[in-house]
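# Results of the structural survey
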Amino acid sequence: MEKCNAVGRMTFLKSLLGIAIVLGWGLFIGMAMLAEASQSWALLLGFAVLALVAAFAAVGIILMFRRLHDLGLSRWWVLMLSVPVAGVAFMAFLLLWPGGKCEHRTQEENR
């Protein structure tokens, strides 16, 4: 049996919300520290927070790749998110369209 590397709608939504919260607060804190960086430790800590934000952004992109795989689409579709209005519609599509079925997932995960 082949391992299903897909992400369902609910897992995608929960993960996306978690990543968005971390990215939002991380950017806020990192930029605030860089703006008030009169000390070298604050500047270093600000860059560390921004590096953490970049890591969470990479996890978000990987998550979108897995959701696109679940829908049977190419990973190149992630570039659609860079188009202002179409990106929002595409994100709604990713959140609402049912994905493929995986044998080892439970009924709840297949929804």
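Scroll up for the structure.
Note that the structure is predicted; figures quoted are calculated from it, not measured.

### Details of the environment of His 69
Locating His 69 in the fold gives a position in helix α2 (residues 40-71). Residue His 69 is classed as partly exposed on the basis of its relative accessible area of 48%.

### Observations regarding the side chain of Arg 67
In this fold, Arg 67 is placed in helix α2. Arg 67 gets classed as buried once you look at its relative accessible area, which sits at 0%. In this structure the side chain of Arg 67 is engaged in a polar contact, spanning 2.8 Å, whose partner is the backbone oxygen of Leu 94.

### Re a nonpolar patch on the surface
Together, Ile 21, Trp 25, Phe 28 and Ile 29 line one region of the surface with nonpolar side chains, adding up to about 460 Å² of accessible area. Considering the arrangement of structural elements, one finds Ile 29 in helix α1 (residues 9-35). The exposure class of Ile 29 is partly exposed, given its relative accessible area of 38%.

### Looking at the packing of α1 against helix α3 (residues 84-96)
Following both chains from N to C, one finds α1 and α3 inclined at 130°, their axes separated by 8 Å at the closest point. The angle between α1 and α3 falls in the class oblique. Only Met 91, Leu 94, Leu 95 and Leu 96 of α3 make contact with α1, whose side of the interface consists of Arg 9, Phe 12, Leu 13 and Leu 16. Class assignment for the residues of the contact of α1 with α3 results in 7 nonpolar, no polar and 1 charged.

### Digging into the packing of aromatic side chains
The tally for this structure, following the rule as stated, stands at 4 aromatic pairs. On the basis of an interplanar angle of 20° and a centroid distance of 5.9 Å, the ring pair of Trp 77 and Phe 90 is categorised as stacked. Taken together, the residues span a long stretch of sequence, with Trp 77 in the loop between α2 and α3 and Phe 90 in helix α3 at a distance of 13 residues. The partly exposed category is assigned to Trp 77, whose relative accessible area is 39%. A centroid spacing of 6.0 Å and a plane angle of 25° characterise the contact between Phe 90 and Phe 93, whose relative ring orientation is stacked. Within this pair, Phe 90 and its partner Phe 93 are both found in helix α3, separated by 3 residues, close to a single helical turn. Residue Phe 90 is classed as buried on the basis of its relative accessible area of 7%. Three or more aromatic residues link up through ring pairs in this structure, and these residues are Trp 77, Phe 90, Phe 93 and Trp 97.

Rules used in this analysis
- Residues numbered from 1 in each chain as written.
- Predicted model: local features only at pLDDT ≥ 70, side-chain atom pairs only at ≥ 80, totals over all residues.
- Heavy atoms only, no water.
- Helix = DSSP H or I, 4+ residues; strand = E, 2+ residues; numbered from the N terminus.
- Buried < 20%, exposed > 50% of the residue type's maximum accessible area, 1.4 Å probe, protein only.
- Polar contact = N/O pair within 3.5 Å; in protein donor to acceptor, adjacent residues only side chain to side chain.
- Patch = residues over 30% accessible without salt bridge, like charges linked within 9 Å, V, L, I, M, F, W, Y side chains within 5 Å.
- Areas by Shrake-Rupley, 256 points an atom, 1.4 Å probe, with all protein chains shown as cover.
- Salt bridge = Lys/Arg side-chain N within 4 Å of Asp/Glu carboxyl O.
- Axes fitted to C-alpha atoms, helices over the stretch in contact; angles between N-to-C directions.
- Parallel < 35°, antiparallel > 145°, perpendicular 65-115°, else oblique.
- Contact = heavy atoms within 4.5 Å.
- Nonpolar A, V, L, I, M, F, W, Y, C, P; charged D, E, K, R; others polar.
- Phe/Tyr/Trp six-rings, centres within 6.5 Å; stacked < 30°, edge-to-face > 60°.

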